[in-house]
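The primary structure of each chain is shown beneath.
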Amino acid sequence: MGTSPQALRVRGSRLERLRVTLADGASTTLHLASFHTGAFRARVALLEEPAPLAHWCAEQGVEHAVVGGFFVRPGAQPLGELRVGGEAVPSVPFDAPWRGLRACVQATDGSVLIGRRPDFGHEPPGDLLQAGPLLVANGRPAFFEGEDVEGFSAGSAQFDSDITVGRYPRTALALIGDLLVAAVCDGRGESDAGMSLAELAWTLIQLGASDALNLDGGGSASLVHGGRLRNRPREEHGIDLLDGRPVVSAIVFGPRLS
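I will try to describe carefully the structure that is included in this document. (Residues numbered from 1 in each chain as written. Predicted model: local features only at pLDDT ≥ 70, side-chain atom pairs only at ≥ 80, totals over all residues. Heavy atoms only, no water.)

Quick word on the overall build of the chain
Applicable threshold: The secondary structure listing takes helices from DSSP runs of H or I that are at least 4 residues long and strands from runs of E that are at least 2 residues long, numbered from the N terminus. To get the radius of gyration, use the C-alpha atoms; to get the globule rule, take the number of residues to the power 0.38 and multiply by 2.2 Å. A simple rule labels every residue: compare its accessible area, found with a 1.4 Å probe on the protein chains alone, to the largest value its type can have, and call it buried under 20%, exposed over 50%, or partly exposed in between. We call two residues in contact when some of their heavy atoms are within 4.5 Å. What sets the accessible areas is the Shrake-Rupley method with a 1.4 Å probe; for residues, cover comes only from the shown protein chains.
A count of helices and strands for the chain gives 2 helices and 20 strands. Relative to its length of 258 residues, the chain is compact, with a C-alpha radius of gyration of 16 Å against a globular reference of 18 Å. Taken over the C-alpha atoms alone, the chain extends approximately 45 × 45 × 35 Å along its principal axes. Expressed as a percentage of the 258 residues in the chain, the buried residues total 52%. For the chain, the share of sequence-separated contacts (at least 6 apart) that also reach a separation of at least 24 residues comes to 67%. Accessible surface computed for the chain: about 11,300 Å², of which carbon and sulfur atoms make up 51%.

Section: the environment of Val92
Along the polypeptide, Val92 turns up in the loop between β9 (87-88) and β10 (103-107). Sequence separation between Val92 and Phe71 is 21 residues, and the spatial gap between their C-alpha atoms is 8.2 Å.

Observations concerning the sheet that holds strand β19 (residues 228-229)
What counts here: Any two strands with at least two DSSP-identified bridges between them are counted as paired.
Strand order across the open sheet formed by 5 strands is β4-β20-β5-β18-β19, with antiparallel pairing between neighbours. Pairing within the sheet leaves two strands with one partner each, and these edge strands are β4 (40-51) and β19. Inspection of the sheet shows β4 paired to strand β20 (residues 247-255) by 8 bridges, in the antiparallel sense. Across the sheet, the residue bridging to Ala42 is Phe253, located in β20.

Some thoughts on the pattern of salt bridges
Heads up, the rule is: Each reported salt bridge corresponds to a side-chain nitrogen of Lys or Arg within 4 Å of a carboxyl oxygen of Asp or Glu.
Applying the stated rule across the entire model yields 12 salt bridges. With its nearest N and O atoms 2.8 Å apart, the salt bridge here joins Arg19 to Asp192. Taken together, the positions of Arg19 in strand β2 (residues 13-21) and Asp192 in the loop between β16 (179-185) and α2 (197-206) put the pair 173 residues apart, joining distant regions of the chain. Here Arg19 falls in the partly exposed class, since its relative accessible area comes to 29%. Arg167 is paired through a salt bridge with Glu199; the nearest N and O atoms lie 2.7 Å apart. Of this pair, Arg167 sits in the loop between β14 (140-141) and β15 (170-176) while Glu199 sits in helix α2; the two residues are 32 residues apart in sequence, bridging distant segments of the chain.

Remarks on α2
Think of an α-helix as turning once every 3.6 residues; residues three or four places apart then point the same way. Across the 10 residues that make up α2, a large majority, 7, are buried. The complete set of buried residues in α2 reads Leu197, Glu199, Leu200, Ala201, Thr203, Leu204 and Ile205. Among the residues trailing α2, Gly208 stands out with phi positive, at a value near 105°.

Some remarks on the pairing of strand β12 (residues 127-130)
With burial as the criterion, each face of β12 is covered, one bearing Asp127 and Leu129 and the other bearing Leu128 and Gln130. Direction of pairing for strand β8 (residues 82-84) relative to β12: antiparallel, over a ladder of 2 bridges. What sits directly across from Leu82, in β12, is Leu129. Where β10 meets β12, 4 bridges bridge the pair, whose relative direction is antiparallel. Its bridge partner lying in β12, Val105 is registered against Leu129.

See the structure below:
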């Protein structure tokens, strides 16, 4: 894994861009936005209307955010459980039996936790966003090629494709020590191969992740830091999406007030 010299700080957070070389010699660009848990808190946001993440951030005065969970088309309804302030938000559940298992991120004023759904109880407090699959648990890989613990391959009919197969633009949220880290890899370009889920998991472990969760990817993969879209979203066949695809949920990183 190679590191580019491009790294900057924006109001106490850190943005890095890495060039990652994969096992077969292909490479891709990985964008990392890190937020110290003592200075920043995370929250889950449901957009009132689908919008490119950078546009929504500009309208809402949000400096730092990453795309959240999946959504269904047409209708742009959130796919998977979504809770804001302890209250359930209308969404399309994942198909049974996977809805009760697939991984989540929970954000409260005090902490961010990542795990599979049974880890959080029946009515968890704070915000909860269900996505997945789980990539890293306790510093070890939680996703392996050819395994389908959370049913993303068996349940691929709810998605545009089987998200477990192949290299794509990917998005993840990771816990690395006392940092919250939003990670987005570019893909579908001549110099950006994208990553498989296993490659993304292993890369995050190399960076020190204790736990990590896959979020929405493909053309929806979007990272805003310092008010700017930092990655390069692409649709299929390498078509550039200058602002990214409209999304319906996000994880927002804001300064702690006390």
